[in-house]
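Observations on chain architecture
Single-letter residue listing:
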Amino acid sequence: MTAEPVIDTQPLPPAAEPPTVRASLSPSRAADFKTCPLLYRFRSIDRLPERPTVEQARGTLVHAVLERLFDLPAAARTPRSAGDLVAPQWDRLVAEQPELASLFTEGDAAAQADFLRSAAGLLEGYFAVEDPRRLEPAEREALISAVVDGELLIRGYLDRLDVAPDGALRVVDYKTGGAPREAFEARALFQLKFYALVLWRTRGVVPRVLRLLYLKDAEVCDYAPDAEELLRFERTVVALWQAIEQATARQEFRPRPSRLCDWCSHQARCPSFGGTPPPFPAAGAGDPLTDARSRPAAPGADE
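Residues numbered from 1 in each chain as written. Predicted model: local features only at pLDDT ≥ 70, side-chain atom pairs only at ≥ 80, totals over all residues. Heavy atoms only, no water.

Along the chain, the position of Arg140 falls in strand β2 (residues 139-148). For Arg140 and Phe70, which are 70 residues apart along the polypeptide, the C-alpha to C-alpha distance reads 8.8 Å. Apart from the residues lying within four places of it in its own chain, the contact partners of Arg140 are Glu67, Phe70, Asp71, Leu158, Asp159 and Arg160. A polar contact of 2.4 Å, which involves the side chain of Arg140, links it to the backbone oxygen of Glu67. Polar contacts involving the side chain of Arg140 include one to the side chain of Asp71, which spans 3.1 Å. (Helix = DSSP H or I, 4+ residues; strand = E, 2+ residues; numbered from the N terminus. Contact = heavy atoms within 4.5 Å. Polar contact = N/O pair within 3.5 Å; in protein donor to acceptor, adjacent residues only side chain to side chain.)

Here it is as structure tokens:
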């Protein structure tokens, strides 16, 4: 990694008694609420199952290959080596998540072969924008977390964290969809700012670069946050959680129709499509500290 020295830091608060954490929030769940409060309810409160899609499975597979690629010696991190990882990583994912097998009709080897080739094509996009032989990531697929506002645990999974010799941090996120329009790019940056806030609060260093790698279009989007911006973002996250708490207390999560509805798994239960949500779960039915991970998301959203 090449980066300038980190100059935008701010001292961490003095040590205090461990906070009493009573809720957690991930960037995907926060983005759900911002996009559509009813979607947040379906995923985080009702915990309704969602059938995987080919696009989601492809994103998961590509992320798995890129994670394993860095297990190889630097000189072996070539496009051919990455391509050789595709089939075995898919077999591993299907073994761990048997529902993925339902994406292809039994015996339809051609459809599965096309799927694996499409994943390999996205990996070609990765090598067009980065040379993994020159990188030694500090962390991959790492769960990071921090407590803000004294009681809210914010956490998420980093695709990759690079640390320069001078201590500069670069957060890297792989996107298997095409480079988005401005509105969707703001959603992607929201996710990375979430990670930047956690790293700043736990390590006392503002990441020098937040990097989005759009593999389909072989494009790179870099963003440089600063401490003041992360302070504002922290207030935004806390306000967002307070809005979620208020909606939960009122049992009122309204739908917010948008183009993303095209990829929603819950249209049959959504009032905007003539559906009826299930009865609101009894108080205490869910664990506020269990914030299920949902990645990758619908095309054009998080991926």
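From this point, the narrative continues.
Where β2 lies against strand β3 (residues 152-163), nine bridges are found, and the strand directions are antiparallel. Of the residues in β3, the one forming a bridge with Arg140 is Arg160. Between β2 and β3, which pair antiparallel in sequence order, lie three residues; one of them, Asp149, sits at a positive phi of approximately 60 degrees. (Pairing = 2+ DSSP bridges.)

On to the state of the cysteines, then. Counted by the stated rule, this structure contains zero disulfides. In this structure Cys270 is a free cysteine whose sulfur lies 6.1 Å from that of Cys36, the closest cysteine sulfur available. (Disulfide = S-S within 2.5 Å.)

Right, let's get into the packing of aromatic side chains. A complete count under the given rule lists twelve aromatic pairs for this structure. Considering the side-chain rings of Tyr40 and Phe253, the 6.0 Å spacing of their centres and the 20 degrees angle between planes classify their relative orientation as stacked. Pair noted here: Tyr40 is in helix α2 (residues 37-45) and Phe253 is in the segment after α7 (227-250), with a separation of 213 residues, a long-range link. On the basis of relative accessibility, which here comes to 6%, the residue Tyr40 falls in the buried class. Summarising the aromatic geometry, the rings of Trp90 and Phe104 are spaced 6.3 Å apart at their centres and angled 80 degrees between planes, so their arrangement reads as edge-to-face. With Trp90 in helix α4 (residues 79-96) and Phe104 in the loop between α4 and α5 (109-129), this pair connects stretches of sequence that are 14 residues apart. Residue class for Trp90 comes out buried when judged on its relative accessible area of 2%. Among the aromatic residues, those joined into a ring-pair cluster are Phe33, Tyr40, Phe253 and Phe280. Taking the ring centre of Trp200 as reference, the NZ or CZ of Arg201 above it sits at 4.5 Å. (Phe/Tyr/Trp six-rings, centres within 6.5 Å; stacked < 30°, edge-to-face > 60°. Buried < 20%, exposed > 50% of the residue type's maximum accessible area, 1.4 Å probe, protein only. Lys NZ or Arg CZ within 6 Å of the ring centre and 35° of its normal.)

With that settled, the discussion passes to the confidence of the model for the chain. Looking at the chain as a whole, the pLDDT averages 87, with 84% of positions reaching at least 70. Put simply, helix α6 (residues 182-203) is where the chain has its lowest mean pLDDT, 85, and α4 is where it has its highest, 97. Below pLDDT 50 for its whole length, residues 1-10 participates in 32 contacts with residues either more than four positions away or in separate chains. Under a pLDDT of 50 for its full length, residues 291-303 has, in the predicted model, 45 contacts with residues more than four places off or in other chains. (pLDDT = per-residue confidence, 0-100.)

Turning our attention to the packing of helix α3 (residues 54-69) against α4. Packed helix pairs are characterised by how far apart their axes lie and by the angle those axes make with each other. Where α3 contacts α4, the two axes come as close as 9 Å, and the packing angle between them is 120 degrees. With respect to their mutual orientation, α3 and α4 come out oblique. For the element pair α3 and α4, the recorded crossing hand is right-handed. Along the contact surface, α3 presents Ala57, Thr60, Leu61, Ala64, Val65, Arg68 and Leu69, while α4 presents Ala82, Leu85, Val86, Gln89, Trp90, Arg92 and Leu93. A per-class count over the contact of α3 with α4 returns ten nonpolar, two polar and two charged. (Axes fitted to C-alpha atoms, helices over the stretch in contact; angles between N-to-C directions. Parallel < 35°, antiparallel > 145°, perpendicular 65-115°, else oblique. Left-handed = near helix turned anticlockwise from the far one by under 90°. Nonpolar A, V, L, I, M, F, W, Y, C, P; charged D, E, K, R; others polar.)

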